[in-house]
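# Residue-level structural notes
This is what each chain is made of:
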Amino acid sequence: MKILIAADMEGITGVTTWDQVDPKHPEYIRFRKLMTGDVNAAIRGAFDAGATEVIVADGHSRGSNILIEELDPRARLNSGSPSPFSMMQGIDESVDAVLFVGYHARNGSANAILDHTWSSRAVSNVWLNDLLTGEYGLNAAVAGHFGVPVIMASGDQTACQQMSELLGNIETAVVKQAVGRFAAECLPPQVSQELIYTAAHRAVERLAGEDVPEPFVMDTPIRVTVEFPSSDMADRAATMPLTERQGTCVSFTAPEMTAAYRAFRSMVSLAMG
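Residues numbered from 1 in each chain as written. Predicted model: local features only at pLDDT ≥ 70, side-chain atom pairs only at ≥ 80, totals over all residues. Heavy atoms only, no water.

## Side note on the overall build of the chain
Check the secondary structure of the chain and you find six helices and twelve strands. Here the C-alpha coordinates of the chain stretch approximately 50 × 40 × 30 Å along the principal axes. Within the chain, the fraction of its 273 residues that count as buried is 56%. Considering only intrachain contacts with a sequence separation of at least 6, the fraction spanning at least 24 residues in the chain is 69%. In the form shown here, the chain has an accessible surface area of approximately 11,100 Å², with 49% of it arising from carbon and sulfur atoms. Within the chain, one finds 20 positive and 33 negative side-chain charges whose respective centroids are separated by 6 Å. (Helix = DSSP H or I, 4+ residues; strand = E, 2+ residues; numbered from the N terminus. Buried < 20%, exposed > 50% of the residue type's maximum accessible area, 1.4 Å probe, protein only. Contact = heavy atoms within 4.5 Å. Areas by Shrake-Rupley, 256 points an atom, 1.4 Å probe, with all protein chains shown as cover. Lys, Arg positive; Asp, Glu negative; His and termini not counted. Charge placed at Lys NZ, Arg CZ, Asp CG, Glu CD.)

## Some words on the packing of helix α2 (residues 135–145) against helix α6 (residues 257–272)
Running from N to C, α2 and α6 cross one another at 145 degrees; their axes reach a closest spacing of 8 Å. You can see that α2 and α6 cross each other, and the crossing is left-handed. Contacts from L138, N139, A141, V142 and H145 of α2 reach α6 at M257, T258, Y261 and F264. Taken together, the residues of the contact of α2 with α6 sort by class into six nonpolar, three polar and no charged. (Axes fitted to C-alpha atoms, helices over the stretch in contact; angles between N-to-C directions. Left-handed = near helix turned anticlockwise from the far one by under 90°. Nonpolar A, V, L, I, M, F, W, Y, C, P; charged D, E, K, R; others polar.)

## Quick notes on the pattern of salt bridges
One pass over the full model with this rule turns up ten salt bridges. E27 is paired through a salt bridge with R30; the nearest N and O atoms lie 2.9 Å apart. Of the charged contacts, one joins D232 and R236 as a salt bridge, the two residues approaching to 3.2 Å between their closest N and O atoms. Here the residue D232 and the residue R236 both occupy positions in helix α5 (residues 231–237), the gap between them amounting to four residues, near one helical turn. A single network of salt bridges, built from pairs that share partners, joins E171, R206 and D211. (Salt bridge = Lys/Arg side-chain N within 4 Å of Asp/Glu carboxyl O.)

## Observations regarding the nonpolar core
Residues M88, I91, V98, F100 and M257 are the most contacted members of the largest nonpolar core, which totals 53 residues. Those residues in contact with V98 that sit more than four places away from it in its chain are L4, A6, M88, I91, A143, V148, P149, V150, I151 and M152. Of all hydrophobic cores here, the second largest spans 40 residues; its members include A7, I113, V175 and A203. (Core = buried A, V, L, I, M, F, W, Y, C linked by side-chain atoms within 4.5 Å.)

What follows is the structure in structure tokens.
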């Protein structure tokens, strides 16, 4: 069984503020180590449950957060940016399942640590075929394009609930109970990483027994609508060919999800200027 672990940082053990996930801030050094620990817990759980290959995608910021010198040596790491599939680098038809580690809730969610969708500065909301979703939905739909299910997720309680509602009966590891955007009751890493290990182990065991949710597959063609925080961002985003604009929302239609994903990333880059 080949497993892809797609890792983000806002849902990592102990994270409650932007400073902790900002490479320019001194606090970041501590939390990239914790991110590596959470990912290692998922790697151990996957291998102990029968995985034969694990690939990790470092999906936060520029993709250079996980400490490779501390990574479980049985895994391989996709690092750096840009890459063809960004947060899902390594996905293809050979992957059997995806684990989301350190994920966060979509923008505008209550009781959700550092809630945002893709970019806290440039994106307000994203719809796929009229479905409001977060980056977890974008990434799960990319996996679904290749026929690959998401079977496990870790993060705060709101992120885990949103992913379960969208993706079905996945295994979850709630590593903190958010009470606002910047406040949560956090578990120590020894405790949270055991939860991640257990969730990953159960998920891969279920995969072996063919007891996991179906892949999240979007109907095609796919209509993507992005709401931007300001009109100047929408101005720039709408310079992308074959887009339609209404207020601060810009839309386009793509033939399938990998094209939609790449076009979405391009539109956000244009909006950021």
